[in-house]
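Here is what each chain is made of, one letter per residue.
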Amino acid sequence: MKRTLTGVALATATALVAATPALLATPAQAAAPKNPVAAVKKQLVPGKGVKFSERISITDGTRSEIFIRRTGTFQFSKSGVAASDITGKFALNVSDLGDEAPEELKALATPERTIRIGTTSYLSGGLWSTVLPEGETWFKAPHGPTGGISGTFGQPVNVAEQATLKTLLKTAKPVSGGYAGTITVRDLRKVSPWYRATAIDPRPTAKALKSVISWKLTLNAAGLPVRLVATFPQAAITGSGSKKDGVRVDTRFTGWGGAVSIKAPTAEDVSSEFENGKDDISSLDLPFGVSVAK
């Protein structure tokens, strides 16, 4: 199943062309940007949060196609993200797959949802629907992934992590509307618990660790992030691949400071085991080599 799903998804994702739009700056944005660390810190109030939407594209150096779309919400604590609720969907349509397509591939073409409370993840929909016991709709994974399978390709930088923002800004340059810079996977892993929990492999290769993530953060007048674009080679995720094979993640943030209440699914809908009787995600033959980062 892994070879089939990886081949279909990645081969399809590198098939079309898409231009990268330039960010337009207003006179107000052209002024020296404010410090987002201080602005975000003021937002870290229990019961408050922020929403985001995201487009993930895969490129081969000349052409690109949207691979995944995600939407989500962060609920804050005084120190960062207390809970999250993220839905992701691969750019596959069940109607385009045909009746003979494997059920796992059809499931991959449906939305998956991840609710995370602290470090406990609840996974539902998508491929998870094919591996859960009959009658159960959620799998409970202590120290589970932040965004399921689709999340492994998602935004590597979590703007709600104070230490992460501080690290980014140490080497960043002011640009129109915000800041831009680079960070290696190795350095991001060191500072970001969110990234370590999201990463596709808990034991990344040397090539993955050396991979460079380029980013641009756009701020509003209050200094809060409104857009974050990150680009990096596919090797940052898979540990292999050509330098031309890249990923671009375009994330938009809205509703800073809004009331947010994210709760775990109802207990009777949750299973702590898969249909195979095991309780470890690593026991599954998931696509893209997905595993739970430790």
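All of these numbers come straight from a predicted model, not from anything done at the bench.

## Details of the packing of aromatic side chains
Then, number 1: Enumeration according to the criterion identifies eight aromatic pairs in this entry.
Then, number 2: Measuring from centroid to centroid gives 5.3 Å for F52 and F74, while their planes differ by 40°, and the two rings are tilted. Note that F52 is positioned in strand β1 (residues 48–59) and F74 in strand β2 (residues 64–76), a separation of 22 residues in sequence. Here F52 matches F74 in class, with each residue buried.
Then, number 3: Put simply, the rings of F52, F74 and W194 pair up and form one aromatic cluster.

## Focus on the nonpolar core
Then, number 1: Within the largest apolar cluster, 60 residues are counted, with the highest numbers of intra-cluster contacts made by W128, F232 and W256.
Then, number 2: Discounting residues that sit within four places of it in the chain, F232 has contacts with P156, V212, I213, I237, G246, V247 and V249.
Then, number 3: With seven residues, the next largest nonpolar core counts A83, Y122, W138 and I262 among its residues.

## What about unusual backbone geometry?
Then, number 1: Located in the positive-phi region is H143, a residue other than glycine, with phi close to 55°.
Then, number 2: Tracing the sequence through the fold places H143 in the loop between β6 (138–142) and α6 (162–170).

## A closer look at the sheet that holds β1
Then, number 1: The strand order across the open sheet formed by twelve strands is β7-β8-β9-β10-β11-β1-β2-β3-β4-β5-β6-β12, and the pairing between neighbours is mixed. Each end of this open sheet is capped by a strand with a single partner; those strands are β7 (173–175) and β12 (270–271).
Then, number 2: By the bridge criterion, four bridges tie strand β5 (residues 120–125) to β6 in an arrangement that is antiparallel. What sits directly across from L123, in β6, is F139.
Then, number 3: The strands touched by helix α3 (residues 36–43) are β1, β2, β8 (178–184), β9 (212–219), β10 (225–233) and β11 (246–259); relative to β11, the strand with the most contacts, the crossing angle is about 50°.

## Observations concerning the side chain of S121
Then, number 1: Its place among the elements puts S121 in strand β5.
Then, number 2: You can call S121 buried: its relative accessible area is 0%.
Then, number 3: Within the structure, S121 has its side chain in polar contact with the backbone oxygen of P145 (distance 2.6 Å).
Then, number 4: Not counting residues within four places of it along the chain, the set of residues in contact with S121 comprises T114, I115, R116, F139, K140, A141, G144 and P145.

## What to know about the pairing of β2
Then, number 1: With ten of 13 residues buried, β2 is to be regarded as a mostly interior element.
Then, number 2: Relative to β2, β1 runs antiparallel, the two being bridged by eleven bridges. If you follow S57 over to β2, its bridge partner there is I66.
Then, number 3: Hairpin connection from β1 to β2: four residues lie between these consecutive antiparallel strands, with G61 at a positive phi of about 100°.
Then, number 4: The sheet contact formed by β2 and strand β3 (residues 81–90) spans nine bridges and is antiparallel. Paired with R70 across the strands is G88, a residue of β3.

## Digging into α3
Then, number 1: Every buried residue of α3 is accounted for by P36, V37, A39, V40 and Q43. Taken around the axis of α3, the buried residues stretch over an arc of 165°, which confines them to a single face. Opposite the buried face of α3, by more than 90 degrees, sit the exposed residues K41 and K42.
Then, number 2: By the N-cap criterion, in which a side-chain oxygen at the helix start approaches the backbone nitrogen of a residue two or three places on, α3 is capped by N35, the distance to V37 being 2.8 Å.

## Section: the packing of α3 against α6
Then, number 1: Packing of α3 against α6 brings their axes to within 10 Å, and their N-to-C directions diverge by 170°. On the basis of the axis angle, α3 is roughly antiparallel to α6. Each of P36, V37, V40 and K41 in α3 lies in contact with α6, whose residues at this interface are Q162, L165, K166 and L169.
Then, number 2: Looking at the contact of α3 with α6 residue by residue, the classes come out as five nonpolar, one polar and two charged.

The rules behind these values
- Residues numbered from 1 in each chain as written.
- Predicted model: local features only at pLDDT ≥ 70, side-chain atom pairs only at ≥ 80, totals over all residues.
- Heavy atoms only, no water.
- Phe/Tyr/Trp six-rings, centres within 6.5 Å; stacked < 30°, edge-to-face > 60°.
- Helix = DSSP H or I, 4+ residues; strand = E, 2+ residues; numbered from the N terminus.
- Buried < 20%, exposed > 50% of the residue type's maximum accessible area, 1.4 Å probe, protein only.
- Core = buried A, V, L, I, M, F, W, Y, C linked by side-chain atoms within 4.5 Å.
- Contact = heavy atoms within 4.5 Å.
- Pairing = 2+ DSSP bridges.
- Axes fitted to C-alpha atoms, helices over the stretch in contact; angles between N-to-C directions.
- Polar contact = N/O pair within 3.5 Å; in protein donor to acceptor, adjacent residues only side chain to side chain.
- Arc of directions from axis to C-beta.
- Parallel < 35°, antiparallel > 145°, perpendicular 65-115°, else oblique.
- Nonpolar A, V, L, I, M, F, W, Y, C, P; charged D, E, K, R; others polar.

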